[in-house]
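# Architecture at a glance
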Amino acid sequence: MPQLSCRDVSLGYDGKTIVSGLTFDVNKGDYLCIVGDNGSGKSTLMKTILRLQTPLSGKIETGDGVAPNEIGYLLQQTAAQKDFPATVLEVVLSGLLNRAGMRPFYSKTEKQTANENMETLGISHIAKKCYRELSGGQQQRVLLARALCATRKIILMDEPAAGLDPGASIEMYTLIKNLNDSGVTVIMISHDIIASVKYASHILHIGREKTLFFGTTEDYLKTDIGKLYTHTGGDTV
Amino acid sequence: MTEIFDTIVLAFDFTMVRYAMIVGVLIAMCSSLLGVTLVLKRFSFIGDGLSHVAFGAMAIAAAMNLTNNILFVLPVTMVCAVLLLRTGQNSKIKGDAAIAMISVSALATGYLVMNVFATTTNLAGDVCTILFGSTTILTLTNIDVWVSVILSLSVVTVFTMFYHKIFAVTFDEDFATATGNKAKLYNLILAIVIAVVIVLAMRLVGALLITALVIFPAISAMRVFKSFRSVTIWSVIISVKCAAIGMLASIVLETPVGATIVAVNIIVFGLFSFIGLLRRMI
Ligand SMILES: Nc1ncnc2c1ncn2[C@@H]1O[C@H](COP(=O)(O)OP(=O)(O)OP(=O)(O)O)[C@@H](O)[C@H]1O
Ligand SMILES: [Mg+2]
């Protein structure tokens, strides 16, 4: 049974369809990259998976021991967070809120979990720093640590390397790959097709109004669309 | 100098002044606790809208000759708080307009009702009191004091119990929702607490000046401090001190309480902005 399955899902806003007929499965340990042109509905798909939005039709289900609220995610930061006074530790800890239940304070184990995740992402030394004064790459790591606090089952990411310099984005991709190797299922939206085919086990290519491809990365590279897209996305495959 | 001191010592001999100080400090504490969240959630205008609703409700309560108007004003304000917080979230533009509409409707209705059902000869004075707070500090009854103490202690308790939850929904409501937290419930609790604070603070500074009491300590603290916790703690410290100084000053200078407290807050804001600027330059 897959951890996440989408069956004939249509997405859109106010009844207007943006993309329809999305059917794909994500199994434990998969690394799925979602690619496609601007405006094809990738971010919308992500919001729908997270239940921040309802699909126009079709079914999205979780299984294999994953509850719908056990999906962590990483988005580009919102405007409100730009001047928010909060330390790195405060932000990372907030990912553990669902474990605390009605308890007003975090337990020792929960704080320990936060520390471990900060360690994994190499941000322990800035735990007391102000979130808004960090660089974009550091902020992304903080939000990823928070997501890992919320769940270690599935993590969704919307362009986690956007706005990072080449060195920092390679670091980010390596980090994500390590997480994936340690058993975290990764679903990532990316415009970096070269990195996508390098790291991902599966590719979902969304085109105008319909799915252009879903399958393993290996198969993707054999299709015409795969060849074309990887070719225009960069010159080395 | 000794003269001023004497005035203050003399004033403290009155039980009423002591009561007023206790209530004032408690109100200042509650309002600043919530101020941080309201400012960060971009909800400052909801506080403003609600204070006008509280004015309208107060006017109607006065017209109905209710002995304990808080029993009417509090529930009405709570309902409006919940409604406003809802609309504020769904769609930005419509939410804005809704708040403006509710707020001016409440003001107009309140003023109309007060005029039509005027029970006193000094209508202008009454309106002024509700809008800007009492001109003197000595107008609290025994019940007022107890109601204020109980309500503010509840606000502080709720805030402490839900501190981490409030942080999470303030920082990133979507993430909190998606990872299985009852963000809607916490927003509801927040709305209710805001209503309590507004109704409480209205007695101290009046309907028009509440927003100042809620917002100034928070933005002053944000100029200098960088963690959510230190901003919260410092806005309480700032607010309590400003309220105490403001009340004492109003006794000595014989100025209206509410306006004096707000004036102190404005001065402190200037001071903290300056400190923040210095810090950034060094
Ligand atoms: N809140 C919204 N209300 C109405 N339409 C929206 C909303 N958000 C996005 N859209 C529309 O939905 C379509 C898909 O948007 P989406 O953000 O999902 O694209 P995307 O694939 O993530 O693009 P990009 O690669 O640029 O991030 C776009 O045409 C956009 O205009
Ligand atoms: Mg997008």
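Here's what I pulled together on the structure shown here. None of these values were measured; they are calculated from a predicted model. (Residues numbered from 1 in each chain as written. Chains lettered and ligands numbered in written order. Predicted model: local features only at pLDDT ≥ 70, side-chain atom pairs only at ≥ 80, totals over all residues. Heavy atoms only, no water.)

All names here are of chain A. Strand order in the open sheet formed by three strands is β2-β1-β4, and the pairing between neighbours is antiparallel. Where the open sheet ends on each side, the last strands, each with one partner, are β2 (16-26) and β4 (57-62). Direction aside, the axes of adjacent strands within the sheet are offset by 25° on average. The pairing of strand β1 (residues 4-13) with β4 spans five bridges and is classified as antiparallel. Each residue of the ladder has a partner; that of R7, found in β4, is K59. Helix-sheet contacts for helix α1 (residues 42-49) involve β1, β2 and β4, and the interaxial angle to β1 is about 120°. (Pairing = 2+ DSSP bridges. Helix = DSSP H or I, 4+ residues; strand = E, 2+ residues; numbered from the N terminus. Axes fitted to C-alpha atoms, helices over the stretch in contact; angles between N-to-C directions. Contact = heavy atoms within 4.5 Å.)

Time to look at the sheet that holds strand β6 (residues 154-158) of chain A. All names here are of chain A. Strand order in the open sheet formed by six strands is β5-β6-β7-β3-β8-β9, and the pairing between neighbours is mixed. Each end of this open sheet is capped by a strand with a single partner; those strands are β5 (71-74) and β9 (211-216). Direction aside, neighbouring strands of the sheet carry axes that sit 15° apart on average. Along the sheet, α1 contacts β3 (31-36), β5, β6, β7 (185-189) and β8 (202-206); its crossing angle with β6, the most-contacted strand, is approximately 150°. Helix α5 (residues 136-150) rests against β5 and β6 of the sheet, and its axis sits at about 175° to β5.

Moving on, we come to the interface of chain A and chain B. Listed by partner, the interface residues are 35 residues for chain A and 28 residues for chain B. Taking both sides of the interface into account, the surface hidden between chain A and chain B amounts to around 2,800 Å²; carbon and sulfur atoms contribute 65%. Interface area lost by chain A to chain B is led by F84, P85 and L97 of chain A, which between them contribute 23%. Summed over the shared surface of chain A and chain B, the number is two salt bridges. A salt bridge links D172 of chain B to R146 of chain A, with the nearest nitrogen and oxygen atoms 2.9 Å apart. For the pair chain A and chain B, the interface holds 12 residue pairs in polar contact (both at pLDDT 80 or more). (Buried area = accessible area lost by both parts, 1.4 Å probe. Salt bridge = Lys/Arg side-chain N within 4 Å of Asp/Glu carboxyl O. Polar contact = N/O pair within 3.5 Å; in protein donor to acceptor, adjacent residues only side chain to side chain.)

Let us look at the site of ligand 1. Residue and element names in this part refer to chain A. The environment of ligand 1 is formed by Y13, I18, D37, N38, G39, S40, G41, K42, S43, T44, E159 and H191. With respect to ligand 1, the side chain of N38 contributes an N or O atom lying 2.8 Å from an oxygen atom. Note that an oxygen atom of ligand 1 is positioned 3.3 Å from one of the backbone N or O atoms of S40. For ligand 1, the protein covers 57% of the area, taking 640 Å² as the surface of the free molecule. When the residues that make up the shell around ligand 1 are grouped by side-chain class, the tally is two nonpolar, seven polar and three charged. (Near = heavy atom within 4 Å. Areas by Shrake-Rupley, 256 points an atom, 1.4 Å probe, with all protein chains shown as cover. Nonpolar A, V, L, I, M, F, W, Y, C, P; charged D, E, K, R; others polar.)

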